[in-house]
Amino acid sequence: MSYFFRVELPEYILGMGTVVQGYSKSCTVKITNTWRYPVAVQANERALRDTGFSIYLEPVEFLIYGTSKRFQVNFASANLPMGKVDVLLPIKVEKGPTLHICLRATVIQLLLSLSRNRLQFPDVQVGQCWCETVRLYNWFSAPCEWFLTVNKPAKKVDKRLTPAVRQKELQAAKDDSRVFQWKAREGTLYGREWCDLQIQFSPLEEKSYKTELKISVRGNSQLLVLHISGQGLEPRLEFSPMEIKLGAVLPCGPELERTVVVKNPCEFPTEFYSLEFDEEYREEEKILRTLEEFGDRTAVVMPPRAVGEKLPPEVLEYYEKWKKMEALGQEMSKRKEESGEDNAALQESIRLLKDMVDECDRPIRQAVRRYLDTNPVVEELKAQMPRGIAIIVYGTPRTGKTRAAAALSKYYSAACLSLAEVVTEAMSDERSSAGRRARELCVEAARQQRARREQMPGKKGAEAKKTQPSPGDKASQKTLSAGHQSASATKDKASDKPQARFSVPSKMAAVSCATAPAPQRLTILTRAGRKEEKRKCWSCVLPEELLVEIISEQLQLSDCYKGVVFDGLETLLASSLASSLLCVLKAVSNRPHIHVVNIFQDSEFWKGRQVAAREKRAAKKEQKAREKEEAARREEERLWDVDVDEYEALSEKQTALLDYKIEQIKRERRERRELERLAREHKESKKASSRASEKQDKLQKNKNGHSEKFKILHSLGLGPPIPSGSLFSVVPYPEEDRVPTASQDLRHFILVEPEGAAAEDDVAPEAEAQDHLKEGKATSRHKSSKEKPNSPQSPKSLQDHSPETPRSSPEPMKSQLQSDSTLERPARLRRFRWIVPAHAEVEPKIRFSPTVPGQFDQLMNFEILGSKRLYQLPCSATALYPSISQNPRLVFPRWRKSKEKEDIISKEYVMSTKQFHFGPLLCGKSGEWYKAQNCPGNSEKLTILNDSPMEAEVHFSFENDSKGETFLLDPPSMRLQPTEKKKLSIWAYPTSAGLLEDNLVCWIKDNPEPVVFQLCCKGGHMKLRVSPQELHFNKLLLHRTDTQTLVLRNNSPLPMAWHLSGLDDLGDAFSASQGRGIVGPRTDFEVKLNFKAEKIGITNKMIQLEVSDPENILGIVQAETIKVSVEVYDVNLSINMPEGPDGSLEFGTINVLDNKKHVLSLQNKGLYDIEYSFKLTTGSAKRGDLESPFTVRPQRAVLKASQPPVKVEVLFHPTTEVFLESKPILLCQVIDLKSGQGGESVATIPVRVSARAVYSKYSIEPASPIDFGAMAKGTKKRQVLIVENKGALNFKFYTRQAPPLQSSQQEESAPSVRKRKRSTQAQLSAGVFTVSPCSGSVGPGGQQKITVDCNTGAEGKCEEQLYIDISNRDPKDNPLGIPFTLTAESCLPALVEDVTSIFEQYPIHSNVNLRQTLQSVQGNGVFIRDENKFIFTKVQVGQQATARFKISNGSSVPCDVVLSIKAMPGEPRSLISNIFKLDPVEMSIPGLSHAFATVTFTPEQKEDYQCTFTASLVSPKSRSVKMKPQQLTFTVSGEGHVPQVTVECPGLGSKRGTPVLRFRRLLLGDSQTLPLVLRNNGIVPTKFTVHIMDDQGVLFLKSTQSALCAFHTAEMEQDSTGKGKFINCAV
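Figured I'd write up the structure that's included with this text. (Residues numbered from 1 in each chain as written. Predicted model: local features only at pLDDT ≥ 70, side-chain atom pairs only at ≥ 80, totals over all residues. Heavy atoms only, no water.)

The subject of this paragraph is the nonpolar core. In this structure, Phe1430, Phe1432, Phe1445, Val1457, Phe1476 and Phe1509 are the most contacted members of the largest nonpolar core, which totals 37 residues. In terms of residues, this core owes the most to one element, strand S85 (residues 1504-1513), which gives five residues. Apart from residues lying up to four places away in sequence, Phe1445 is in contact with Ile1398, Phe1399, Phe1430, Ala1491, Phe1492, Ala1493, Val1495, Phe1509 and Phe1530. Core analysis: the second largest hydrophobic core is formed by 36 residues, Val422, Leu542, Leu555 and Val588 among them. (Core = buried A, V, L, I, M, F, W, Y, C linked by side-chain atoms within 4.5 Å. Buried < 20%, exposed > 50% of the residue type's maximum accessible area, 1.4 Å probe, protein only. Helix = DSSP H or I, 4+ residues; strand = E, 2+ residues; numbered from the N terminus. Contact = heavy atoms within 4.5 Å.)

Okay, here's the thing in structure tokens:
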């Protein structure tokens, strides 16, 4: 039997399949007992820990034969890695084998799959785009959330580039991100779903594009990477030449022509057009701007447009309808303005035309459909093809049909539709024709409803409603007829004149009024372009055909491809549910799987719901019972799991209660097992056959259901085939007026047909040519902004010239115009578009035909069709006459911008007045005389330049002076080649004073406009004014200099020359700044005459001024005589003063605030009165206020000539320290009263001054404070202060005691108070201090000793504040006096009696448990506080122990202490003389310090010894101080100890008392061990030796090393009982 239990059965395998990470999966396992006897089954759930598998299987105690037990196996993959999971679940059968279930699952992550991983776009041109479709599949049953990210490579831009280039590179990198575009960026794919991702490639330039599109799946770190690449091709053209320069030509002359070669280097043909001349692209852009697809002004895609093609026909058709609608609108507005009333017929026509335009749908969308072969008819046919499942769910209210429809929609991944919402959305969509017709019917119903309400009477309306038929029925009938008519009207597109109003047909749709729903109000939101509009209407019954069309349009959408579920058939727009069902069935057409689900309720259904409710309550009650049983089971398991320790820890009452519960549980378990066995056997026998049949039926039904489901899903497929790629054109929104039209800017440049090609128009007739020429003449006077005219004069001005002036005749010009009019005009192009095949070229021609002169520069713009790449061809040409340069900067050597009225210029051209000025010229001689003298001021050479590209013949003449009286020129004519220069000489000779003007006229052959230069000159005479006529220097001080100015004034515009004669006769004391010179026109010239007074006296002289022209042509024309006079004198001042050794004014050294005076003597020894003034200088600055240590009296006074000396006092009164040594700080200014108003300072005499003012300098040692320190009460002490004079003068000192605290006002008056309260006594007493002497005088460098005595009194600290006054010291140095502090402390000696301080090295205990304390102490002594006793511990007899006691001085003064050891009272001293010894006997302890007294204890016997220790303080010897004696006394004791060892085991002994070890009888070779236990009864460690005296050697001693070590330790350890340790020895 035991062998059977160890049998291992084969494993059962439970495969959970693949589980998506994060999801869970469950499976049910059934255990059946196939044995005849009941069994107990239990599963080991611990084996499933951390594997993701979990089960819920209660232990089965009694599973009878044939019964089964089900349990759930769950697998959660949230925290598991990807891969396979394989685990064994052991199920233990009591008294039977162990079953193993192999649980297997594979954890995978959600991952999408792509139809392809690499997308290579074909080569696409710029301006086009290629669309490809990539399909995403979700092969799992779980929903998958995905989103897109793009790997954008970072483009590095060179930092060395300029900011503009760097910005351009960055912008190009940003534009590359728009090359690849896709609409969807994220989404969710449910189980077994797919979606298409459309990717569009639109290159911006010709280069390769690459990117990576990463598809991330939420919850999966693995990425799907779609590699996208494409090559962009850009249509390009090459223009040769890049710039057209046509050269120069005469206006209305022969035309210039140039051929431009345009080459196409690409592999495909290219079409380009001229932006200025082409009208097709303007018309196309106008058409595109009318489309609603450009509502947001973004680019749209259209079918690809080949070269030479036009816009799609759908767009052109839409534009034609739009133009008709606009024309009708304008006509209606015009008629309304004329008649003032609306035309109903015209309004109806406009409405019909607008409906026709709306029915055209979006033209671009129609064009794309046509291009992709997806027009509405094809889509309708495709929609009728079998695709997906169709389920119609309907039933009575509150039957759950909406939930059922949502569940079916989710299960089949089909769209869930509501019939009412489908119709409402179609009515809101402007693009749906069926929806618009339905909306019109509802609007018509609303209009009829309002009309009925208006016709009803006020109060009888309600009664009329009851008797009259339903308004909804009538409205529905009328709206139906209108709807049919509108549909037919919109389809009739060929009619030129639309109907003005609708006609109601005789045949109307039959609608059942009994079943039709009542009309209700509807609000429909429509959108036209960017505008949204709310329309209010009434519901009505729609025709079935219209309803079928609306449902069919909805089923054509992509979301209905997999299938559709209709949630109900209720709608207000159908007559009945049967009609709705019929319409839906017609719309779904021939789908292979159409299911109709009718959800209804009857009595059986309600009974079933009641039964289900009762079963639910019963199940809840059963669940509570199971939870209660589960709690009881857990309590039972807890009781069974109580271990021995927990059981023993319980109290007796709890133990008895636990035993009773265990017995009760055992009894109940046995009874329950028996009852369950009987009931199970009875139940199984009764239902065995029925269960088998039910199981078979259920399996068959499930099998049939799954097969049907798989058939339906198989017919649905995985979706339609992936569409192939398509090419489109990208059309941006056309902006208006990008380039101006050709009629405005390019009337002189035209594009013509190449040679041999036919022209667009016939050759213009002669009259048209004449009109063109007239137009050219008229426009020549009004030139464009870009033309550059060559002449400022008009042709009309030529008629005013005199006949003598040579000029070109206008006759050749007229003949030339007539000949040109007969020439044929160049043939213009018919179409300004060119198609250039691949690697081919075209040659358009450009002709230039000017009618007016000027410089013409124009950019001709060409644009490539599609890419919109712009090419600019600069064209330049010149139409001009032969001309010469009129630039004054080139013609005239000198020029200026403007001229003021008072300006005088010579041979300069003024640009503001356009006139050349010869300037002022001297008149009076003839021109021949001037030519003979060769005067350069009367002539000028002009530069004549031919600035035209043709030869010019120029003739020169004067307009007024034809005889040459004033102006002359040479040569009269010249011939100039292009860019050639020649000189023209002109002269001016004025014969009279005043301004003379004339014009130089330059006639150019073949140029109708002459060039005119204005000339002028001014004649004048010479005269110079002189001021003053007499130069008087007045009185001048000796050695001084003076200057007089002679002003020469020229009021004429001519320069004048002057000369001073007679300067040499004035002598060396006179000098002139300039002896001769030229005075400019209208200027003043100053001549300086300088005089230096070198000799005293009076001088009178004469000089002469001579005037002439600068060239000295006329000689001396003016002479003026000038008188010069001067007087020289001198000043003499004498100063006498007491001089020092260095010659300065010596004041010596004085104290600050003292004063000293000196007297100066001043005398005037000159001829004239003078004035003196004293000033004080500090450095280089002067101070006249004399706010200084010096005072001069009088400071300023007048000294009369030849008068006695004047006394001047100089007082030195310093207020601060001053140090001057021969410094010239006192200045005596001498003022000459004759010189000007108030006089003039003629001299400054420095007076050197030596003076010194100082403060008292001192030092006091030692510095404050003076501390006498701690002193015994009643003692004296002395210290000495030294006051030293470190200054140059004597000072006095005074000592005083500090007064009470003073206020701020008292502190300010402190110096005066100090002077009044100075002490004159010999000594000063302040508290315990005495100071002497209190005052005295100290000479320079001397010292004074001051004695301070301190006589201590009462105990405590004493402090006194003294002030020492030093005379003549700095007031800022302690104004109240120099503070000085004296401190001392009076105290008595005292010893510290604290036992914690005395016995700080030993433990201190109380008398409690003294024996235990003595045994546990670690040191050699202890102090007992209660007995005031120090005890030596653990001292063996004959050994020595030492104790140290700390004796501390508690005061600040030193003290003497006497120590002694005495025997206890009643005991002789000899008893302890050798036992206790003291060292030292006497000691001196400094203040606040300590010393140690050593006591040595040497016991002689094993007994107790005691003595008394005494420390006595020695009192100071002073009669005035009485001190109480102080002693420290305590007892010192000790005991002598000897080692003690006893035998504890064996306990047996001999008759003598000796311990005996008794061994039993032993066989030879055997052994026995007996313990030998030794005990140390003492308190000191003991060392012993054990010897075995055995002659035969059969006994030996064995002991553990730890025991021996413990025994030989220096200190004995004790256990809790206080017994000593034992030594165990085995013998």
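Here the narrative resumes, following the displayed structure.
With that settled, the discussion passes to helix H9 (residues 419-428). When H9 is considered as a whole, its buried residues turn out to be Leu419, Val422, Val423, Ala426 and Met427. Looking down the long axis of H9, one finds its buried residues gathered within 130° of arc, a one-sided arrangement. (Arc of directions from axis to C-beta.)

As a further point, take the sheet that holds strand S75 (residues 1356-1366). Across the sheet, five strands lie side by side as S68-S76-S75-S70-S73; this open sheet has mixed pairing. Edge positions in the sheet fall to strand S68 (1266-1272) and strand S73 (1335-1338), since each of these pairs with one other strand and no more. If you compare each strand with its neighbour and ignore which way they point, the axes differ by 20° on average. (Pairing = 2+ DSSP bridges. Axes fitted to C-alpha atoms, helices over the stretch in contact; angles between N-to-C directions.)

Let us now look at the pattern of salt bridges. If you walk through the whole model with that rule in mind, you get 42 salt bridges. Here Glu314 ties to Arg370 by a salt bridge, and the two come within 2.7 Å at their closest N and O atoms. In this pair, Glu314 is assigned in helix H4 (residues 313-339) and Arg370 in helix H6 (residues 363-372), connecting sequence segments 56 residues apart. Using a relative accessible area of 12% as the deciding quantity, one classes Glu314 as buried. Relative accessible area serves as the criterion here: at 43%, Arg370 is assigned to the partly exposed category. A salt bridge links Glu863 to Lys868; the shortest N-O distance between them is 3.9 Å. Look at Glu863 and you get buried, because its relative accessible area is 2%. The network of salt bridges with shared partners includes Glu271, Asp278, Glu280, Glu284, Arg305, Arg831 and Arg833. (Salt bridge = Lys/Arg side-chain N within 4 Å of Asp/Glu carboxyl O.)

So far we have only geometry, and geometry alone does not tell us how the molecule works.
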